[in-house]
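Residue-level listing of the chains:
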Amino acid sequence: MAINHLAPEQTEQFADNIVGFARALRAAGMPVGPGAIIDAMSALQVIEIGNRADVFTTLEAIFVKRHEHALIFSQAFNLFFRASEEWKHMLDSVPLPDEAKKKPKAGSRRVQEAMSQPRMTETPQHQEQDLRLSVSDKEILQKKDFAQMSAAEIAEALRAVDRMHLPQAELLMRRYLPNPRGLRLDLRRTLRASLRTGGDIIDIRRLGRIEKPAPIVALLDISGSMSEYTRLFLHFLHAITDARKRVSVFLFGTRLTNVSRALRQRDPDEALASCSASVEDWAGGTRISASLHNFNKLWARRVLSQGAIVLLISDGLEREADSKLAFEMDRLHRSCRRLIWLNPLLRFGGFEAKAQGIKMMLPHVDEFRPVHNLSSIQELITTLSGPLPPHHRSLIRSAA
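Please read all numbers here as calculations on a predicted model, not as lab measurements.

A. Up close: the packing of helix α2 (residues 34–44) against helix α3 (residues 52–63). For the pair α2 and α3, interaxial distance at closest approach is 9 Å and the crossing angle is 150 degrees. Classified by the angle between their axes, α2 and α3 sit roughly antiparallel to one another. Both α2 and α3 take part in a crossing whose hand is right-handed. The residues of α3 that touch α2, namely those facing A36, I37, D39, A40, A43 and L44, are V55, T58, L59, I62 and F63.

B. How the structure looks around the sheet that holds strand β8 (residues 338–342). Strands sit in the order β6-β5-β4-β7-β8-β9 across an open sheet of six strands; the sheet is mixed. Looking at the sheet topology across the chains shown, the edges are occupied by β6 (256–258) and β9 (367–369). Mean inter-strand twist for the sheet, computed between neighbouring axes without regard to direction, equals 20 degrees. Packed onto the sheet, helix α14 (residues 323–335) meets β4 (216–221), β7 (309–313) and β8 and runs at close to 130 degrees relative to β8.

C. Summary view of the side chain of D315. With respect to the helices and strands, D315 occurs in the loop between β7 and α14. A polar atom in the side chain of D315 sits 2.5 Å from the side chain of S225. Residues contacting D315, with those up to four places away along its chain left out, are D221, S225, M226, W341, N343, P344, L345 and I358.

D. Seen up close, a nonpolar patch on the surface. A grouping of L185, L187, L191, I202 and I204 is seen on the molecular surface, where their side chains present a nonpolar patch of about 480 Å² in accessible area. Within the fold, L187 resides in helix α8 (residues 187–194).

E. A look at the pattern of salt bridges. The full count for this structure, using the stated rule, is five salt bridges. Between E280 and R255 there is a salt bridge whose closest N-O contact spans 2.9 Å. You can see E280 sitting in the loop between α11 (268–278) and α12 (288–298) and its partner R255 sitting in the loop between β5 (247–252) and β6, a full 25 residues away along the chain. Judged by relative accessible area, which is 67%, E280 ranks as exposed. Among the residues examined, R255 registers a relative accessible area of 43% and is labelled partly exposed. Counted as one network, the salt bridges with shared partners bring together R338, E367, R369 and E379.

F. Local environment of α14. With 13 residues, α14 should reach 18 Å at 1.5 Å per residue; the first-to-last C-alpha distance of 19 Å fits that figure. Buried within α14 are the following residues: L325, E328, M329, R331, L332, H333 and S335. Buried residues along α14 sit against β4, α12, β7, β8 and α15 (356–361).

G. Summary view of the pairing of β8. Counting buried residues in β8 gives five out of five residues, a clear majority hidden from the surface. In β8, alternate side chains face the same way, and those of R338, I340 and L342 on one face and L339 and W341 on the other are all buried. Bridge count between β7 and β8: five bridges; the pairing is parallel. Following the sheet pairing, L311 is matched in β8 by I340. Assessed by its sense of winding, the connection that carries the chain from β7 through α14 to β8 is right-handed. Pairing analysis gives three bridges linking β8 to β9, with the strands arranged parallel. For W341, the partnering residue across the bridge sits in β9 and is F368.

Cut-offs applied
- Residues numbered from 1 in each chain as written.
- Predicted model: local features only at pLDDT ≥ 70, side-chain atom pairs only at ≥ 80, totals over all residues.
- Heavy atoms only, no water.
- Axes fitted to C-alpha atoms, helices over the stretch in contact; angles between N-to-C directions.
- Helix = DSSP H or I, 4+ residues; strand = E, 2+ residues; numbered from the N terminus.
- Parallel < 35°, antiparallel > 145°, perpendicular 65-115°, else oblique.
- Left-handed = near helix turned anticlockwise from the far one by under 90°.
- Contact = heavy atoms within 4.5 Å.
- Pairing = 2+ DSSP bridges.
- Polar contact = N/O pair within 3.5 Å; in protein donor to acceptor, adjacent residues only side chain to side chain.
- Patch = residues over 30% accessible without salt bridge, like charges linked within 9 Å, V, L, I, M, F, W, Y side chains within 5 Å.
- Areas by Shrake-Rupley, 256 points an atom, 1.4 Å probe, with all protein chains shown as cover.
- Salt bridge = Lys/Arg side-chain N within 4 Å of Asp/Glu carboxyl O.
- Buried < 20%, exposed > 50% of the residue type's maximum accessible area, 1.4 Å probe, protein only.
- Expected span 1.5 Å × (residues − 1).
- Right-handed = clockwise from strand over helix to strand, strands pointing away.

Okay, here's the thing in structure tokens:
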């Protein structure tokens, strides 16, 4: 059955469903514009719409432009057009299936939220009233603790993290590149250029220092006491990784796990699912000293060799606080350009460093900052975007 053979009312309903499906894809994060919708309607006129597989393949070829969007499209298609024995349900009002009992795949939460959004049928007056309320809600959300947020507020906080302006502090490298405004004379290129004119006219060529974004290395505590903040921090680190290429992320509880490659996936849900699959000690105990020892021994020279900024995200509640913890913290501090400790416990006004582990770690950090709400994350971004301090690297004796 082709679209041309449908009744006028069915053709109109069919077009409305395709437009609604495109809006759902766009709400789920896929770049779907009006041109793609027109192409989809044109393509569906030359195929047999009675075959569900053909319609799926046709719409996928038009709407999916990147590999990471294929999974989102597949889940959205199955939710928007419920699988049934008779394909004619596609021409009826769009049904939503019951909640799946099996474990959802990566990206399914975002797709379901996009499907549950109401259509834009409200009057401008109602929309203006909702806008005023949303501004007030956002002001409250900025200062609300992540541990006290509801599921809807956490979802809004995740979207706010993705919209934040990420740090782009530049780091001067030792190497030089041709730069007309550089302060160093490029003698070789100057003499080579003068040969073209026989030495009559000399065009002075200059060199300038290379500027690259400062590397960022994040050490995130995923123990049980940090479970209420881990997902939001991972979203923040994924946003940094997506905007900057020189980002390394390590998760630690009772052991150290490198998840830098997993977080490089463009889709945030797929990236977080890959991280959880590679970590075995999620929401367990805390062994900061042993984790820092493994990092300093196996990874420090690889990721801290160019003056990286280290973000240590932990509450500092160490199970085995001894002199080894202070030694590993000192070694880490000497190996990086700046060590920033982000501790959710600072949200309490009367916080005091009474825990033995916190006392041993504090003398070896450059900054001790709270990170428990959106305002604290925004302040962290402002700090990372500012000028970098001089490198304080010094010689470090290797551990015995």
